[in-house]
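Listed here are the chains, written in short residue letters.
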Amino acid sequence: MSALKRVQQWATFARIWHVYDAKWQNPFQSSLLLKKYLMGMHKPIYHPMNDCGDHVIVINSKEIALPGDEWKKRVYFHHTGYPGGATWTLAWELHSKDPTMVIKKAVYNSMDGNLQRRYTMQRLHIFPDENVPEELMKNVSNQIRGIKPVPKRLDHYSEQEVKEFPKIIDYPKDYVLR
Amino acid sequence: MNSLLRIVKNAPNIKNIQARGVSLTTQLNLKEIREVQEGKTLTIYGETVPSPREPYLIKNENPHVCPLCALGMEVKHTDVLILSQFLRSDGCMLPKRITGLCNKQQKKISSLVTMAQKAGLMPNLNPANSKKDPSKRFQWKKYNKYFDESTIDQKKNHKKLIEFS
């Protein structure tokens, strides 16, 4: 085996570490993207019996975005098993308790319920902000592109940019500025 | 009654009274209301200012349609630099007689403005008593959200459009 082939062999079966910025991303659309990397479905050698999944570090999970009024419409159900042990938690309540939980459950539910799922989830590392331990971050060699563009707030533009942006309408002559 | 009032308003003799210069300042001008506090006296006066938008205004190539229809753009609720042009400093939508938009666009822009405000994208254009930081809002309102522009219902305007066409 030549040196090139040997390195190719290592690279093929090595676990790659990806980083994904969840800022302003929909966790349910992101989960369909992240599960491919976690299960190794983006690799040509993928097979369900082939343990070739990668690690994914999700940062800024506190700043995920949900469409419309889904924060108060989406409900997470849990039952302790005892009579009267059912609880219904709204998405915003779950998010205020643990900002990593919504995206974790989204990825977990996007995968089939087989024996591999628990082990695949162990390769997902979620952090509510950008503070990732150094020993995890030094492994990262790829960034997964976000699905949605991150919107920019009006107060984050400079005054010059707001002033010099092309204007569609002008005030009428008798207008009193407010 | 309204029509009668309009006739009285448009009557030439009343116009002449106004043109005679009864008011001390020119009324029809772009003004800025300023308040100056000097000791115990508060002076409120209107100062005539040139329009700050004049040099950056896009010329309407087709004067038969409203300025936004003429551009033919697809505005999203995240385009805050466009949406903020139709707002007062307290985040209130300007009325149609000032924006000069057609019925359809005015309604569409006001729904987009609502979306942008709910998403917390224009926190500096808000009433003075509001908390400017969207992350300090109540319960679910403090978390990031986005909207789908295709959910804006334009069927209400559709009927009117048929009547006019």
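Note that the coordinates shown come from a computational prediction; the quantities given were computed from them, not determined experimentally. (Residues numbered from 1 in each chain as written. Chains lettered and ligands numbered in written order. Predicted model: local features only at pLDDT ≥ 70, side-chain atom pairs only at ≥ 80, totals over all residues. Heavy atoms only, no water.)

### A word on the packing of aromatic side chains
Inspection of every chain in the model, using the stated rule, returns four aromatic pairs over all chains. When the ring of F77(A) is compared with that of W88(A), the centres are 5.3 Å apart and the planes differ by 55 degrees; the resulting orientation is tilted. Of this pair, F77(A) sits in strand β4 (residues 75–79) while W88(A) sits in strand β5 (residues 86–90), and the two are 11 residues apart along the sequence. Judged by its relative accessible area of 58%, W88(A) is exposed. Here K148(A) stacks its cationic end above the ring of Y146(B), 3.7 Å away from the centre of that ring. (Phe/Tyr/Trp six-rings, centres within 6.5 Å; stacked < 30°, edge-to-face > 60°. Helix = DSSP H or I, 4+ residues; strand = E, 2+ residues; numbered from the N terminus. Buried < 20%, exposed > 50% of the residue type's maximum accessible area, 1.4 Å probe, protein only. Lys NZ or Arg CZ within 6 Å of the ring centre and 35° of its normal.)

### Concerning the sheet that holds strand β1 (residues 17–21) of chain A
Residue and element names in this part refer to chain A. Spatially, β6-β2-β1-β7 is the arrangement adopted by the four strands of the open sheet, whose pairing is parallel. Only two strands of the sheet have a single neighbouring strand rather than two, namely β6 (124–126) and β7 (140–144). For this sheet the average axis-to-axis angle between neighbouring strands, irrespective of direction, equals 25 degrees. Here β1 runs beside strand β2 (residues 55–59); their pairing, made up of five bridges, is parallel. The residue bridging W17 from the neighbouring strand is H55, located in β2. (Pairing = 2+ DSSP bridges. Axes fitted to C-alpha atoms, helices over the stretch in contact; angles between N-to-C directions.)

### Focus: the interface of chain A and chain B
In many analyses, interface size is given as the accessible surface area lost on bringing the parts together. Contacts between the two partners involve 38 residues from chain A, matched on the other side by 46 residues from chain B. With both chains or domains summed, chain A and chain B bury close to 4300 Å², and 67% of this area falls on carbon and sulfur atoms. When residues of chain A are sorted by the area they lose upon contact with chain B, L154(A), I168(A) and I169(A) head the list and together hold 19% of the total. Summed over the shared surface of chain A and chain B, the number is zero salt bridges. Remark: the boundary between chain A and chain B carries 14 residue pairs in polar contact (both at pLDDT 80 or more). Residue classes in the side of chain A that touches chain B are distributed as 20 nonpolar, five polar and 13 charged. Note that strand β3 (residues 66–67) of chain A and strand β3 (residues 145–146) of chain B share two bridges and pair parallel. Considered in β3(B), the bridge of L66(A) is made with K145(B). (Contact = heavy atoms within 4.5 Å. Buried area = accessible area lost by both parts, 1.4 Å probe. Salt bridge = Lys/Arg side-chain N within 4 Å of Asp/Glu carboxyl O. Polar contact = N/O pair within 3.5 Å; in protein donor to acceptor, adjacent residues only side chain to side chain. Nonpolar A, V, L, I, M, F, W, Y, C, P; charged D, E, K, R; others polar.)

### Observations regarding the pairing of strand β1 (residues 31–38) of chain B
Two elements, strand β8 (residues 176–177) of chain A and β1(B), share two bridges in a ladder whose sense is parallel. From the neighbouring strand, L177(A) faces β1(B), where its bridge partner is E32(B). The hairpin turn running from β1(B) into strand β2 (residues 41–48) of chain B, its antiparallel successor, is two residues long, and G39(B) in that turn takes a positive phi close to 65 degrees.

### Some points on the sheet that holds β1(B)
Strand pairing in a sheet takes place through backbone hydrogen bonds and is either antiparallel or parallel in direction. Here three strands make up an open sheet; going across it, the order is β8(A)-β1(B)-β2(B) and the pairing mixed. In this open sheet, the two strands that pair with only one neighbour each are β8 of chain A together with β2 of chain B.

### Side note on the nonpolar core
The biggest cluster of nonpolar side chains holds 28 residues, and the ones touching the most others in it are L83(B), F86(B), I109(B), L112(B), V113(B) and M122(B). Among the elements of the structure, α4 (80–83) and α6 (103–118) of chain B are those that each provide at least two residues to this core. No other element matches the five residues that α6(B) contributes to this core. Excluding its chain neighbours within four sequence positions, the residues that come into contact with F86(B) are I168(A), I169(A), C92(B), M93(B), L94(B), T99(B), L101(B) and I109(B). Grouped together as the second largest cluster of nonpolar side chains are 25 residues, Y37(A), L38(A), A91(A) and I126(A) included. (Core = buried A, V, L, I, M, F, W, Y, C linked by side-chain atoms within 4.5 Å.)

### Considering the pattern of salt bridges
Residue and element names in this part refer to chain A. If you walk through the whole model with that rule in mind, you get five salt bridges over all chains. With its nearest N and O atoms 2.9 Å apart, the salt bridge here joins R15 to D51. Of this pair, R15 sits in the loop between α1 (3–13) and β1 while D51 sits in the loop between α2 (27–39) and β2; the two residues are 36 residues apart in sequence, bridging distant segments of the chain. The exposure class assigned to R15 is partly exposed, which follows from its relative accessible area of 33%. Ionic pairing is found between K43 and D54, a salt bridge with its closest N-O pair at 2.8 Å. Note that K43 is positioned in the loop between α2 and β2 and D54 in the loop between α2 and β2, a separation of 11 residues in sequence.

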